[in-house]
Structures are given as structure tokens and as C-alpha cells.
Amino acid sequence: MHEPSTLFEKIWSRHAILDREDGTTLLSIDRHLCHEGSFHAFDKLKAQGRKVRRPDLTVAIADHYVSTDAPEIGNQDPSRREVIERLTANAAEMDVRLYGVGAPEQGIVHVVGPEQGITLPGLLLVCGDSHTATHGALGCLAFGIGASEVAHVLATQTLWQKKPKTLRVTIDGPLGFGVSAKDLILHLISVIGANGATGHMIEYAGSTIRDMSVEGRMTVCNMSIEAGGRAGLIAPDEKTFAYLKDRRYAPKGGDWERAVADWRSLATDPGARFDRDVSIQAGDIAPSLTWGTSPEEAMAITGRIPDPAREADPSRRVALETTLAYMGLTPGTALTDVPVDRVFIGSCTNARIEDLRAAAAVAKGRAAKVTAIVVPGSTPIKLQAEAEGLDRIFIEAGFEWRATGCSMCVGMNGDLTPAGKRCASTSNRNFKGRQGPGSRTHLMSPAMAAAAAVTGRLADVRDLLGKS
Amino acid sequence: MEPFRKLDAAAAALPVENIDTDQIIPARFMRAQRSTDHGQFLFHDMRRGPDGELRADFPLNQPDLARAGILIADTNFGCGSSREAAVYALSDAGIRCVIAPSFGDIFYSNATKNGLLPIVLDRETVRAVWRTLEVANSARIEVDLDAQTVHLPDGTTHRFDIDPFKKRCLLEGLDDIDLTLQHSEEILAREQAEAAVRPWAGTIG
Ligand code: SF4
């Protein structure tokens, strides 16, 4: 009889090539996703005269620098086009599969992987991007790495890692009316803190997760890093298999049957030990959003801006005053009284088809009061949304319907929130300046962002749902 | 990379929690290639006012701290984006060591691969250093990686932990790709064994 082990330990031990006595393990990598930012790693590789060891397991995707309103390569701003073309050139030189600008598969790296069936349960996937944890929603161990590690993976298809600690987050019960996966993860981060999971791999478990769609699970796993977590994992189940079946690169025929049988064995065994356990009741979660400049500064939409005068610790009081000054917020203000200037629906957190449907359900028959852009997570999602008529709903409500890319999640592709302007955003980071210098970001779900667009302020989506 | 053995340098305090890598280097500067001096981007938007002028109240803008080699930061330093350019910005600005109560995991790893030593000390000790720095603005700190000690301006010496392999790479300035390739046979053997059991894992398509 084996010791009961966790999902994480099962995947980890499958990939362990050797253990060094200092407690570091050489792990074999199954999938490596690159994007424009990987140029540092390619440069390093070339400077050392090395080649990519497994170009067949490496996929390069253009997303961070791509313009969403003029997506053709010839229309890109020259300095950004140059970065995109570095990726194209590196992929060609190293014989790596490329989904570049204009490719039918192109989209945000963490949306494309699962969508194409590149991401599979039980695999070990890495990418030079901290939101790589997204892929954990399919039971794939996935984490973000820096440029030196990207170079190491390109050259060796392996990575040295110290085994992280494990944290199980159990969420039970049904989510309330108007409450989504995004509200759940924002709530969790506000409970455990922005470094609450540092050094840990998170497994999300419980009935709420079991009942959640695979797309919602991706939203949850995506933001693991916002709690400091190395990775987020969810045991693959029937929903996972249904999601993956017939995806382009999912196993086919007899391999599919064998793969599913293998994937069923991955779940955490009863009695397996975690270093830490946290429990959350889904019924305690309301539609939530961030009010500050760290993802942990989140609360229910029914709340009020906190008052620094009530903060006992002097250094924290100063920090809170600084945050509120940056955000242009007055203590005690009801969140629903805060006007917004911009709305962004997109990013690897919330730009899958379900997200667009949820936002469209709120936008339908209403009119945006502020500039609002909708950026699908990939070109296939854009086409599906158009086939469902979602683009018409958004356009008729005065939202802009864009081509895919990272867009306003990260201020590096031309989509920006101007200084001092307030953006209701479905992305994952409300850091100072993340959406452009001086931008003020409130993170929330797609439905809440659509509610902000049609009311012109932070709004409780429950007041709009079911009415139009 | 440049080996790291001992450092005796001026220290600057940055007592702000959760300094993310977007603060260390804003995304718009990330298209720069490594040969560009990334020091000019370090804390770009934190150290400048709305019109781009350097803020007198930002520690590294003070003349006697501009040459600081050690940064004394707060909890969760380097959280957020995996951008290694955050480490390039610190290094190019002359920072060789960051001391904080905790770090973002990816930042920590990136730092050790670029000759920048991240040291975790408990928050009380870190706060004590901030207080010392308030009075003596450019106090020096001595770091000895081999001995794993930090000697603070108040005369106290503290031990810090570091994983032995990271320590060795830093001390010797080693590139771990060469070390890994010494295990090529084991890597290949594992790939072949896995391909036999789970063919879908070792191929896309
Ligand atoms: S959408 Fe945002 S978080 Fe996701 S990969 Fe792009 S920049 Fe990173």
C-alpha cells in the first residue's frame, strides 16, 4: 500500500529525473510556452551557441505586444512590431511552432494552451509568465519562470526546482446569485493576503470547485500568483475530460481512452497530507472587487472605502493613505458611489467565451456610459462570440469589440488607461501603473465590469441581473 | 554571471510592502535588450513626480544613496510579474543585494541567476535597520555569502539561509545550463521511459 499522496506529488514525482542532496529536483518539462518577452532567453541561448532541445514541445505565441485595434502586422506601432518580429525570427531560427499575429490559433498564451489541447492533465508546463498557473485548472502542473529559467528549459527541457509546500483551499457550497469564479478568487486573496501562499502550491478543492466550469476554474487558478502561490491545481474530472475531448492536440482514439484512465488516477488520495489547509464557505462570498493597489485589497461591492484613521499601526496607516491618494478615493465612500472612466473586459483571467457571455448578458439592451473595450482571449473565442451574436450585443451597447491580445491588462501594447483615470477591469493586477502610468484599476468579474460600463460607476451586478 | 562573495556597501531603505516587479520596472520599458542600461528604468514611476522630475523624498534619489549597493525592502518584495528585467534594473543601478522579510518566489530565483543576492531577515530586524538608516542616512552593511552572515550598522551580525546550490552558483558565478547538461543521459532516459507509458505527454499533435 502506497502512502496517500496529493495530486501535486503525483505529477511532481512523474517528472523528477533526479534529486540532488540539497533537496533540489531536476524536473522534466512536457510543454514550454513562449511569448514576445522570451527574447532575453533566446538571446542568451544564441550568445552561448546553443539550440532548443525540444522545439516540438515548445510553442511561441504573440500576445503581450499585439495591438488589438489594428491587429495586422503592418499596422503595429514600429517599436512594438520589432518585439513581435523578434519572436517570429527566433521561432523560425529555432524551428519552434509559432502562433503569430494573424494566425487562426493566436491569442493570449494561457488561453491558447488549453483551447488547443496543448495543456493536458498530469503534464508539467512552464512559461515565462507568472499567470502560467492558469493551466492548473486542467490538472496540469504549471508555473511561471524568469528569463534565465526559460533559457534553461529551451536548452535542456528541464528545470531545477525545490519542492514547494502544499496549501489546500477547500471551498464548499453553492455560489450566490451574481457571484462568479472571479469573486471567489478575489475573496480568497483578501482572506489569505498577497503573500498568503508564497512558497506554496495551491490545490483548490471542495464542492464549489467541483461544480464550477473548467473556464471558471481557469479564472481561479490564474490568480494563484496574486496570493503569492507558485501554482494552482484542480483535480481533473469528467468536466475536464469533456472540455478536452476533440481539442486539436488532445490525444485521439485509443490514446484518448488510455489518457483518461491515467488522468483519473491523479486525484489527491484520501488522507494525503498538505502543509496547510484553508476553508472558505462559498455562501460568504458577494460580488467583489479591489479598491487599492494590491490584489489583497478586495471587498464586497456593498462595502465602503477603509479609513486610515482607524488603522492602529502607523506604518500601515501611511501605506493606506498613500494607496487612497493614488486611487483618488475618500475614506468612507460607498463603493457604489465611485464613478469609473474606462472598462476593460479581457485578459487571461476573464476573456473566455463564458466570460464574454456573462458580460453580454449585462450589456444587452443597455448603453455604455464610458469607454468600454472587450478583448477576446483568442481568435477562436472571438469567432465563436461573433457566431453567437455577442459582438452585436456589445457594439449595440456602445462597447468596442477588439481583436485578441493582452491589451489593457499590461501597459505595453498601446491599450492604456490614462493617468488619473479609473478603470473597471477583469484582469488580474491592480498594481500602480499596471494599466499605464498613473492608472487606477479596480479588478472585478466580467459581469461586474459590464455593470460598471452601463452605470458609469462601480455597481452591484445583482441590481442589474434579471432586469433590462 | 558575476560571482558574489562579499559585499560592503551603502544601504538604502525602501520601507513599502508588496513592491511588485511592475514598480521595479514598468512594462513599457521591457522591450529593451539586455545590452541597454536597465538602471535608468529602476523604480521609474515611483521615483518621479507627475512631470517626470525626480522626487526628493525617494530614497535612491538622495545624493548619498544614489550609489547604494544594498536595498532594505519590506515584505513580499518583487511579487507579481515574472519579468527578469526587474533584476536587470536593480543590478544595472548598482544594487547587488536586497534584504527583506520575504520575496516573491520568481523574483528570488531570478535574482540568484544574475548575481543579485536576496536575503531574508525577520521583519523586526529589517525594521531596526530602517531606523538606523533614518539617523545615519548612508550606513554601510557587510554581507558575507560564504559565511551566510550580514553585519548591520548597529553592530549586530545575523545569519541567513540560502539553498546550497544557489549559494554555489552565486559564489562561483556558475551558469547552471552546463551543469544540467552533464545529466543528458538521465534526461534522455526519462523522456524515453515516459514516451513509452504516456505517448501523449511527449508530443504535441
Ligand atoms: S493577459 Fe495579462 S496576465 Fe495574462 S498573459 Fe497577458 S499580460 Fe500576462
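Thresholds, definitions, all that
Residues numbered from 1 in each chain as written. Chains lettered and ligands numbered in written order. Predicted model: local features only at pLDDT ≥ 70, side-chain atom pairs only at ≥ 80, totals over all residues. Heavy atoms only, no water. Pairing = 2+ DSSP bridges. Helix = DSSP H or I, 4+ residues; strand = E, 2+ residues; numbered from the N terminus. Near = heavy atom within 4 Å. 1 Å grid on protein atoms, 1.4 Å probe; cavity = no way out; pocket = protein on both sides within 12 Å on 5 of 7 lines; lining within 4 Å. Sits in = over half its atoms within 2 Å of the grid points. Axes fitted to C-alpha atoms, helices over the stretch in contact; angles between N-to-C directions. Contact = heavy atoms within 4.5 Å. Points joined across faces, edges and corners; volume = space filled by probe spheres on them. Nonpolar A, V, L, I, M, F, W, Y, C, P; charged D, E, K, R; others polar.

J.: Looking at this model, I keep getting lost on the pairing of strand β5 (residues 140-144) of chain B. Mind explaining?
T.: All names here are of chain B. Where strand β1 (residues 6-14) meets β5, five bridges bridge the pair, whose relative direction is antiparallel. Across the sheet, the residue bridging to A9 is I141, located in β5. In terms of strand pairing, β5 meets strand β6 (residues 149-151) through three bridges, oriented antiparallel. Among the inter-strand pairings, V143 is bridged to a residue of β6, identified as V150. The loop that links β5 with its antiparallel partner β6 comprises four residues; one of these, Q148, has a positive phi angle of about 55°.

J.: Sorry if this is basic, but what is going on with the site of the ligand here?
T.: Close to the ligand lie H64, I108, H110, D129, H131, S347, C348, C406, C409, V410, N428 and R434 of chain A. Here the ligand occupies the largest cavity.

J.: Can you help me understand the sheet that holds strand β5 (residues 97-99) of chain A in this one?
T.: Whenever strands of a sheet pair, they do so through backbone hydrogen bonds, lying parallel or antiparallel. Residues and elements named next belong to chain A. In space, the five strands of this open sheet follow the order β5-β4-β3-β6-β7, with parallel pairing throughout. Sheet topology places β5 and β7 (141-144) at the edges, where each strand pairs with a single neighbour. On average, each strand axis in the sheet is tilted by 20° relative to the strand beside it, whichever way the strands run. Across the face of the sheet, helix α5 (residues 147-156) comes into contact with β3 (31-34), β4 (58-61) and β6 (124-127) while running at roughly 130° to β3.

J.: Is there a simple way to explain empty space enclosed by the protein in this structure?
T.: The gaps of empty space that remain are located by a probe, the size of a water molecule, rolled over the atoms. Residues and elements named next belong to chain A. Per the counting criterion, the structure on display carries four cavities of 30 Å³ or more. Elements with a contribution of two residues or more to the lining of the largest cavity: α2 (39-47), α4 (109-115) and α5. In this structure, the second largest cavity encloses a volume near 80 Å³. Grouping the constituent residues of the lining of the second largest cavity by class yields four nonpolar, seven polar and one charged.

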